Amino acid sequence: MRIDPEAIFNRPTFGRQPLKASAAWLARLTRWSGPYVSLVQMLAIGLVLLSLSRMGLMAWQWERVAAGGVAGQMLVQGVRADLILLGYLFVPPLLLAPLLAHRASARAWRILTVAWAALGLVFVVFMEVSTPQFIMQYDVRPNRLFIEYLAHPREVFATLWHGFRIALLLGVGATIVLGVTLFRLLKAASRNASPWSAKKLFLTWPLIVLLVFFQIRSTTAHRPANPAMFALTKDAMVNSLIVNSPWSVLDAINAMGKEAKSSEIYGKLPRERILAQVKAAPWLKDYRFPNAELPTLHRQVAAVPRAKPLNLVIVLEESLGATFVQSLGGLPVTPELERLKGEGWWFEQLYATGTRSVRGIEAVVAGFAPTPARSVVKLSLAQQNFYTLAAGLGKQGYHTEFVYGGEAHFDNMRSFFTGNGFQNVVDQAQMQPKFVGSWGASDEDLFDKSLERLKQLHDQGRPFFSLIFSSSNHEPFEFPDGKIALHDPRKQTVNNAVKYADFALGKFIRAARQQDYWKDTVFLIVADHDNRVYGNSLVPIKKFHIPGLILGADIQPKRIATIASQVDLGPTLLSLLGVSSEHPMIGRDFARDDTTPGRALIQFNDYFAWLEDASATILRPGQAPLLAKYEAATGKVDFNAGTPTPAQVEQAMAHVMLPSLLYREQRYRLEK
């Protein structure tokens, strides 16, 4: 028996009558548009869908929307942003109109425009349906992170399937149903459209092009509209609701293509002022920078002289923010770390540079400051001959390696590491894990393999540097049963995953302490970033607060109270290892001075914050800088602190523009 899908769809139970009525109404509304009927219908339907989505998101986040006091403006400016997006979708078929939109090829043109309009609307629906889950995770609409994760479909799908299965199925289902419905609607609504004569088509085409141009430009000002123009409040998440998700992602793709010059979105600063400002830092002003080709390269003499350099082990903990450390104002789910903090150098005011693991890697392993661009771990010009601790220590005779429980190609780590000094990479393929989750081997399996590798490296008689990167504290928060007393009743929660990661870390340190290499090895335990970075401010500074602990060898207990950045850890570690060397890092050596007031460099989406004492200078693309007051104890950020001085703005500008300059000119390296 043959099944006729068309016949099934035509049954009343499939909503044929409402669809037919809607198509007839839409056809009457747009019949004046002739060959452009499907495109005009896409415009009308798109505006309705995007406005409904925006209103739904605003209602969901109403407490924060109401606090912004611009709900009406959000709706009006949102329509403006939607027109810009739909104008972009209008362009490709519009450019083909003179060739195809006439009577001789009317049927082909109709099929093309219906298909294009349907695809455009499916893209809109997909992005808007994906938005709530993305906001729950990143506290902002889909942006460049959405694109970066698509490069790793296996890990992303595993995370979605195990952690967000219902949301995934509902989202895909809603997209398919709406997509099919929209296609049927457009097809029916354009069936009786009348093509224009060649004369009318060619006479009106330039006018339509001009109208679409102004629709996209959306302003008569010097520069066309961009997402920064829609930042109406001091809450980054609320601002993101104004700009629809499809445009947010498309703008991110465009920005990624220009990211070598990304810091210039904040303005311009002469090269000599950039370098002068950075080199004037108290911890750099006494150094000599003899190589004009490598402007930040200098020789750092170790503050702790040693007859024999020590080994280095960096444990980079996934998503372990101060949120989960009780003594830093967080939850009591890291008892092992709390116990260990009294045995080494404990950073009380350490701040991450960004919100992604690769951002933490570039700061901790390369000492590289953040920019609005992607991390250099992913950028083409940094895949070789780019400074890392591994590259520098390799020149000192160290064996260097990276150990990871997942697949090392994730986030381009394998390429970046092997091209920049790491002599060996050990990942899940070289392990025999007892427990494997969506992101790879459990932290216990990771640390067991690390202990094995550290013993082998020690037995070789060479100094070594090992970077160990954990992953158990990553959604969907999978870890072995029976290891910890759960903090939350439901097992797969972030708090329980952190507690397991802490348990595995404590077990690793206890085992390492029993090995011969302990007395000759410096261990750094530090987070790459917090679990979720969110808040009702442009830059939620408190969510960048992370724990940092240096212990091992002869390290004596100390508490470092001044503000510190992840970029300070590299120079500090070199001093503690007893390694005097040349490097381009601009961070601070806390082994030489731990009392001078510090600073932190923070990149949050397109905003850069220079945190110093209790004030933060915040740079914004296309808008004037802000001055905020920050209370470290409470995490409160007050944006009514006045206007930053020119000196404060220049200092922040110099530090965000320098890394872009060094990357673009390939000057963040050692001498060849």
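Above this text sits the structure in question.
Heads up: these notes are all about the structure in this document. (Residues numbered from 1 in each chain as written. Predicted model: local features only at pLDDT ≥ 70, side-chain atom pairs only at ≥ 80, totals over all residues. Heavy atoms only, no water.)

Once that is clear, we can look at the pattern of salt bridges. Within this structure, the stated rule accounts for 33 salt bridges. One salt bridge connects K519 with D520, and the closest N-O pair in it is separated by 3.9 Å. Overall, D520 belongs to the partly exposed group, its relative accessible area being 28%. (Salt bridge = Lys/Arg side-chain N within 4 Å of Asp/Glu carboxyl O. Buried < 20%, exposed > 50% of the residue type's maximum accessible area, 1.4 Å probe, protein only.)

A word on a nonpolar patch on the surface. Taken together, the side chains of L207, L210, L211, F213 and F214 make up a nonpolar region of the molecular surface, amounting to roughly 520 Å² of accessible area. Checked against the element boundaries, F214 lands in helix α10 (residues 198-217). Classification of F214 as partly exposed rests on a relative accessible area of 44%. (Patch = residues over 30% accessible without salt bridge, like charges linked within 9 Å, V, L, I, M, F, W, Y side chains within 5 Å. Areas by Shrake-Rupley, 256 points an atom, 1.4 Å probe, with all protein chains shown as cover. Helix = DSSP H or I, 4+ residues; strand = E, 2+ residues; numbered from the N terminus.)

With that settled, consider the sheet that holds strand β17 (residues 623-630). A sheet is described by the order of its strands in space; here five strands give the open sequence β14-β15-β16-β17-β18, paired in antiparallel fashion. Single-partner strands in this sheet number two, and they are β14 (599-604) and β18 (637-638). Sheet topology places β17 next to β18; two bridges connect them, and they run antiparallel. Each bridged residue has a counterpart across the sheet, and for K629 the counterpart in β18 is D638. Running at roughly 65° to strand β16 (residues 615-620), helix α21 (residues 646-664) makes contact with β14, β15 (607-612), β16 and β17 of the sheet. (Pairing = 2+ DSSP bridges. Contact = heavy atoms within 4.5 Å. Axes fitted to C-alpha atoms, helices over the stretch in contact; angles between N-to-C directions.)

Moving on: the pairing of strand β8 (residues 464-469). Most of β8 sits out of view: six of its six residues are buried. Neither face of β8 is left uncovered, since the one carrying F464, S466 and I468 and the one carrying F465, L467 and F469 both have all their residues buried. Two strands pair when backbone bridges link them, and strand β2 (residues 311-317) and β8 are joined in this way by five bridges, in the parallel orientation. Residue V315 lies in a different strand from β8, and its bridge partner there is I468. Judged from the six bridges that link them, strand β4 (residues 399-404) and β8 form a sheet pairing that is parallel. Of the residues in β8, the one forming a bridge with Y404 is F469.

Of note, V79 is situated in helix α5 (residues 71-100). Separated by 332 residues in the primary sequence, V79 and D411 have C-alpha atoms spaced 35 Å apart. If we ignore the near neighbours within four places in the chain, the residues touching V79 are L47, S51 and R54.

Membership of the largest hydrophobic core comes to 134 residues, with the highest contact counts inside it found for F402 and F465. Of the residues forming this core, the biggest block, ten residues, is contributed by α21. For F402, the contacting residues outside a window of four places in its chain are A408, M413, F417, F422, N424, V425, V426, L467 and F469. Among the nonpolar cores identified, the runner-up in size contains 49 residues, and L39, L85, W109 and W196 belong to it. (Core = buried A, V, L, I, M, F, W, Y, C linked by side-chain atoms within 4.5 Å.)

Let us now look at α5. The end-to-end C-alpha separation of α5 is 43 Å, in line with the 44 Å expected for 30 residues at 1.5 Å each. Largest kink in α5: about 35°, centred on V91, with the proline P92 one to four residues after it. (Expected span 1.5 Å × (residues − 1). Bend = angle between axes of the 7 residues up to and from the residue.)

Below, the discussion takes up the side chain of T521. One can find T521 in strand β9 (residues 521-527). We classify T521 as buried; its relative accessible area is 0%. Side chain to side chain, T521 and N311 meet in a polar contact 3.1 Å long. Residues within four places of T521 in sequence aside, it is in contact with N311, L312, V313, F464, L551, G552 and A553. (Polar contact = N/O pair within 3.5 Å; in protein donor to acceptor, adjacent residues only side chain to side chain.)

What follows concerns the side chain of E475. In this fold, E475 is placed in the loop between β8 and α19 (494-513). In this structure the side chain of E475 is engaged in a polar contact, spanning 3.0 Å, whose partner is the side chain of Q137. Once residues within four sequence positions are removed from consideration, E475 is found in contact with Q137, T159, F164 and W439.

Our next topic: the environment of Q41. Looking at the element boundaries, Q41 is found in helix α3 (residues 37-60). Accessibility expressed as a relative area gives 0% for Q41, which makes it buried. Taking the C-alpha atoms as reference, Q41 lies 8.8 Å from S190; in sequence the two are 149 residues apart. Look past the residues within four positions of Q41 in its chain and what remains in contact with it is L26, A27, T30, L186, A189 and S190.

At a minimum axis separation of 9 Å, helix α6 (residues 106-138) and helix α9 (residues 165-189) run at an interaxial angle of 155°. With respect to their mutual orientation, α6 and α9 come out roughly antiparallel. The hand of the α6/α9 crossing is right-handed. Between α6 and α9, the residues in contact are R110, V114, A117, A118, L121, V122, V125, F126, V129 and Q133 and A167, G171, T175, L178, G179, L182, F183, L186 and K187, respectively. Tallied by class, the residues present in the contact of α6 with α9 amount to 13 nonpolar, four polar and two charged. (Parallel < 35°, antiparallel > 145°, perpendicular 65-115°, else oblique. Left-handed = near helix turned anticlockwise from the far one by under 90°. Nonpolar A, V, L, I, M, F, W, Y, C, P; charged D, E, K, R; others polar.)

The next subject is the packing of aromatic side chains. Evaluated as defined, the whole model comprises 27 aromatic pairs. Ring geometry for F134 and Y138: centres 4.7 Å apart, planes at 40°, overall tilted. With F134 and Y138 both in helix α6 and four residues apart, the pair spans about one turn of that helix. Y138 carries the same exposure label as F134, and that label is buried. Pairing F402 with Y404 gives two aromatic rings, centres 5.9 Å apart and planes at 15°, and the pair type is stacked. Both residues of the pair, F402 and Y404, belong to the buried class. These aromatic residues form a ring-pair network of at least three members: F368, F386, Y387, F402, Y404, F416, F417, F422, F465, F469 and Y668. Between K491 and the ring centre of F479, over which it is positioned, the NZ or CZ distance is 4.7 Å. (Phe/Tyr/Trp six-rings, centres within 6.5 Å; stacked < 30°, edge-to-face > 60°. Lys NZ or Arg CZ within 6 Å of the ring centre and 35° of its normal.)

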